[in-house]
Amino acid sequence: MFALEIFAPLLSLETIPTVLLALTLLVVVFGLGVVLIARRKSGSIPSTNSVSISLPNSPTTSSPISHEPQAETTELTLANRMRSSFSNAITSALTRSLIDQQTWDDLEEVLLRADLGVATMTKVLAPLRELVKAKKIVQPRDLQIALRDAMSSQLAVSSRELNFDLSLNAPNIWLIVGVNGVGKTTTIGKLAAQQGKLGRSVLMAAGDTFRAAAADQLETWAERTGAQIVRGNEGGDPSSVVFDGVARATAKNIDLVLADTAGRLQNNTNLMEELTKIRRVADKASGKVTEVLLVIDATTGQNGLSQARQFAQATQVTGVVLTKLDGSAKGGIVFAIETELQIPVKLVGLGESIDDLVAFNPREFVDALFD
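Q: Could you give me a rundown of the packing of helix H5 (residues 101-113) against helix H7 (residues 140-153), with the residues and numbers involved?
A: Two elements in contact, H5 and H7, have axes whose closest approach is 13 Å; the angle formed by their N-to-C orientations is 35°. Judged by the twist between their axes, the crossing of H5 over H7 is right-handed. Across the interface between the two elements, Thr103, Trp104, Leu107 and Leu111 of H5 pack against Leu143, Leu147 and Met151 of H7.

Q: Give a description of the sheet that holds strand S7 (residues 345-349) that names residues and reports values.
A: Pairing in this open sheet of eight strands is mixed, and the strands run S3-S2-S4-S1-S5-S6-S7-S8 from one edge to the other. With partners counted over all chains shown, the strands left at the sheet margins are strand S3 (228-231) and strand S8 (357-359), one partner each. Strand-to-strand twist across the sheet, computed as the mean angle between neighbouring axes with direction ignored, equals 25°. Here strand S2 (residues 202-206) pairs with S3 via four bridges, running parallel. Note on S3: the bridge partner recorded for Ala206 is Arg231. In the packing of helix H12 (residues 302-315) onto the sheet, the strands contacted are strand S1 (172-177) and strand S5 (288-297), and the crossing angle to S5 comes to about 165°. With respect to the sheet, helix H13 (residues 333-340) is in contact with S5, strand S6 (319-323) and S7, its orientation differing from that of S6 by roughly 165°.

Q: Tell me what's going on with H5, and back it up with residues and numbers.
A: Counted at 1.5 Å a residue, the expected span for H5 with its 13 residues is 18 Å, and the 18 Å between its end C-alpha atoms agrees. Between a side-chain oxygen at the N-terminus of H5 and the backbone nitrogen of Gln102 the separation is 3.2 Å; the capping residue is Asp100. After H5 finishes, the residue Asp115 shows a positive phi value of roughly 75°.

Q: Go over unusual backbone geometry, please, and point to the residues and values.
A: For Asp115, which is not a glycine, the phi torsion comes out positive at approximately 75°. Tracing the backbone through its elements, the reader meets Asp115 in the loop between H5 and helix H6 (118-133). Positive phi outside glycine occurs at Asn253, with the angle close to 55°. With respect to the helices, strands and loops of the structure, Asn253 is situated in the loop between helix H10 (238-251) and strand S4 (256-260). Since its relative accessible area comes to 64%, Asn253 is described here as exposed.

Rules behind the numbers
- Counting of residues starts from 1 at the beginning of each chain's written sequence and follows it residue by residue.
- Whole-chain, interface and lining totals are the exception, using all residues; otherwise, since this is a predicted model, local features are given only for residues with pLDDT of at least 70 and side-chain atom pairs are given and counted only at 80 or more.
- No hydrogens and no water enter the side-chain calculation; it runs on all heavy atoms of the structure.
- Angles here are taken between N-to-C directions and fall from 0 to 180 degrees, while the axes themselves are lines fitted to C-alpha atoms, restricted in helices to the stretch in contact.
- Only DSSP runs of H or I reaching four residues or more are called helices, and only runs of E reaching two or more are called strands; each is numbered from the N terminus.
- Note on convention: near helix rotated counterclockwise from far helix by under a right angle means a left-handed crossing. Clockwise means right-handed.
- Residues count as neighbours in contact if any of their non-hydrogen atoms are within 4.5 Å of one another.
- For two strands to be treated as a pair, DSSP must find at least two bridges joining them.
- For a helix, the expected span equals 1.5 Å multiplied by the residue count minus one.
- We define a polar contact as two N or O atoms separated by no more than 3.5 Å, with the added condition that, inside protein, one atom must be a possible hydrogen donor and the other a possible acceptor, whereas residues neighbouring each other in sequence contribute only through side-chain atom pairs.
- Each residue's exposure class comes from its accessible area (1.4 Å probe, protein chains only) as a fraction of the maximum for that residue type: buried when under 20%, exposed when over 50%, partly exposed otherwise.

Quick look at the structure:
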């Protein structure tokens, strides 16, 4: 009221509408500001610091494919998913004031529980024992640092890049192998999406003819990713499906054939013979096999490793896709695969989303285990 008594004489009938309009605009602007701030705090508006996978829309100009653009996303996701009991167990094993036999016993138990396996565990700890014996490592804290470095060095392989030969005047062929239930079909769908974003045309060959559901699932992924698909009759010859897929890809100038394979036949011998035949037929087709990716479920631990040995012998595996690498997996299977099979882990699956297949970064993986 006091304000009105002061300013009322200054207002005229002509200026009142203008003043009211100005006040209305101020109220609207203030209200919008409050709403925007509230939404930003609740997370509905993406932060400019958020990390996302960004893949180019045009084909790469070098071979093989580089995964570097995905590195930051991999680090954040692995760190979030892999923080588990491993770090706490290591810390607990090294809380004593000195390094004694009980320290080694505790470390062995931790590494075995983490699925490293006896052979890999021995290879990691043997040089550390010598350093402690020579008094070059005295404090438990220094032993933990040395263990971390030793585990990192176990993953120092030459290349983790997916092989795509740009010089071919024919389709590249990637065979996807593994037992049933590990996520082969889902991995193919995610690979198709990634390669499509790289500007490459993709054809899926439904070579798992022993499970009708596998071909149906693959057809769904083909629709989602814009890939073409070739499928045969249920119970038919898987090799012929792969051969027909490569032939169609050649005729239509398709860049990449992603071939699914069976994960279980009447017995293990038949399975391996069938996979060997598929590889032989694919090699004779008009394209070229540039990758054989073995899909392993990270939660199966050492059982998955024993299966992997047989697949590697039958199909000349070039890389591993490790699925379900989240809080339920122990992580040590990565070291066992690379140490005992000498096969690089190239990709890891971290969930069901189409973008949850990312490049494996060993340094970030070890950091996630220890931090």
